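Observations on the model geometry
In case you want the letters, here they are:
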Amino acid sequence: MGDRRDSAHTAGLRAGLDKQPADVAAMFDRVAKRYDITNTVLSAGLDASWRRATREALGARPGQTVLDVAAGTAVSTVELAAGGVTAIACDFSQGMLRAGAARPVPKVAGDAMALPLADESVDGVVISFGLRNVADPDAALREFRRVTRPGGTLVICEFSSPTWAPFRTVYTEYLMKALPRIARAVSSNPEAYVYLAESIRAWPDQAALARRVQEAGWGEVAWHDLTGGIVALHRARRV
Ligand SMILES: C[S@@+](CC[C@H](N)C(=O)[O-])C[C@H]1O[C@@H](n2cnc3c(N)ncnc32)[C@H](O)[C@@H]1O
């Protein structure tokens, strides 16, 4: 809900998708309290399977260290930490990190475009439902490469473009009409979910994102679709 200034800020994000970092962080601060439950409702419970698929695509081994960028409440990080992997949650929204304080993973405040980590210090980087929100995704992709050791892995889990055209049309209608209405019922900041719908529509499709990952210096770029392309997992190797 927020005051008039908050609404104006969010409305600015909605209108221009200009993703000023302070506005994005503030918007996630406002949705933090009910973020996890809203996600589960909006995805009809599919979020758990998308997170599992992300962990499997990463394929981290016991003893390895991975960085979960734009980790939010660390719900994505705990999944990665299964089986003896050290998974570190990083986000620039203090509100989101605080909302996930009870989750037993290390957390660090930081910007995806200037990570507080040394060069080649992690075995893998994951970003789930985060890259779309980053002000300069190409700069972030280069920064992920900087902190990953040679041979390490990048996995991007992000909303994408449904592959079956008739479904794509229905999905777009769903986004445009139903999502804001559902969000009004369950979210503490429904305007953020109008932004969600609009940012998904503005995001590159699978092939276009793969090209950008490659242009940022990553090798062996590949993707596979989840739930008919509603979500895509891009995977790449640090060369
Ligand atoms: C939709 S949430 C995703 C959270 C979590 N990864 C998940 O799967 O539920 C997006 C997160 O990206 C974070 N974010 C956006 N831009 C960022 C940036 N430049 N640096 C760090 N975090 C960022 C936001 O604060 C927010 O917590």
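Keep in mind the model is a prediction, meaning the values are calculated, not measured.

1. Re helix α3 (residues 35-42)
Along α3, the residues classified as buried are Tyr 35, Thr 38, Asn 39 and Leu 42. For α3, the arc enclosing every buried residue in end-on projection is 100°, short of the 170-degree limit, so these residues lie on one face. The first or second residue beyond α3 is Ala 44, which carries a positive phi of 55°.

2. Re the confidence of the model for the protein chain
With 91% of its residues at a pLDDT of 70 or more, the protein chain shows a mean pLDDT of 89. Low pLDDT, under 50, characterises residues 1-16; the stretch is placed with 23 contacts to residues that sit more than four places away or in other chains.

3. Here's the deal with the site of the ligand
Close contacts around the ligand come from 21 residues, with Tyr 35, Arg 51, Ala 70, Asp 91 and Ala 112 the closest. Here a nitrogen atom of the ligand and a side-chain polar atom of Ser 76 are 3.1 Å apart. In this structure, Ala 112 approaches the ligand through a main-chain N or O atom, which is 2.8 Å from a nitrogen atom. Burial of the ligand by the protein chains amounts to 98% of its free accessible area of 600 Å². Those elements that provide at least two residues to the shell around the ligand are α2 (21-31), α3 and α5 (75-80). Class assignment for the residues of the shell around the ligand results in 11 nonpolar, 7 polar and 3 charged.

4. As for the pairing of strand β6 (residues 218-226)
Where β6 meets strand β7 (residues 231-238), 7 bridges bridge the pair, whose relative direction is antiparallel. Following the sheet pairing, Trp 218 is matched in β7 by Arg 238. Hairpin geometry of β6 and β7 is characterised by an intervening segment of 4 residues between the two adjacent antiparallel strands and by a positive phi of about 50° at Thr 227.

Criteria and thresholds
- Along each chain, the written sequence defines residue order, and numbers are assigned to residues from 1.
- Residue-level local features of this predicted model are given only where pLDDT is at least 70; pairs of side-chain atoms are given and counted only at 80 or more, and the full residue set underlies all totals for whole chains, interfaces and linings.
- The basis for the side-chain values is all heavy atoms of the structure; hydrogens and waters are excluded.
- Whether a residue is buried, partly exposed or exposed follows from its accessible area with a 1.4 Å probe, protein chains only, as a fraction of its type maximum: under 20%, in between, or over 50%, in that order.
- Runs of H or I in DSSP of at least four residues are treated as helices and runs of E of at least two as strands, each being numbered from the N terminus.
- In this description, one arc is meant: the one made by directions from the helix axis to the C-beta atoms.
- Per-residue confidence from the prediction method is given by pLDDT, with values spanning 0 to 100.
- Only heavy atoms matter for contacts: two residues are in contact if any of them lie within 4.5 Å across the pair.
- It suffices for a single heavy atom of a residue to lie within 4 Å of a molecule or strand for the residue to be listed as near it.
- Two N or O atoms count as a polar contact when they lie within 3.5 Å, although within protein this holds only if one can serve as hydrogen donor and the other as acceptor, and sequence-adjacent residues are included solely when both atoms are side-chain atoms.
- To measure how exposed things are, a 1.4 Å probe is used in the Shrake-Rupley method; for residues, cover is taken only from the protein chains shown.
- The nonpolar class holds Ala, Val, Leu, Ile, Met, Phe, Trp, Tyr, Cys and Pro. Asp, Glu, Lys and Arg form the charged class, and all remaining residues, Gly among them, are polar.
- In this analysis, strands are considered paired if DSSP registers two or more bridges between them.

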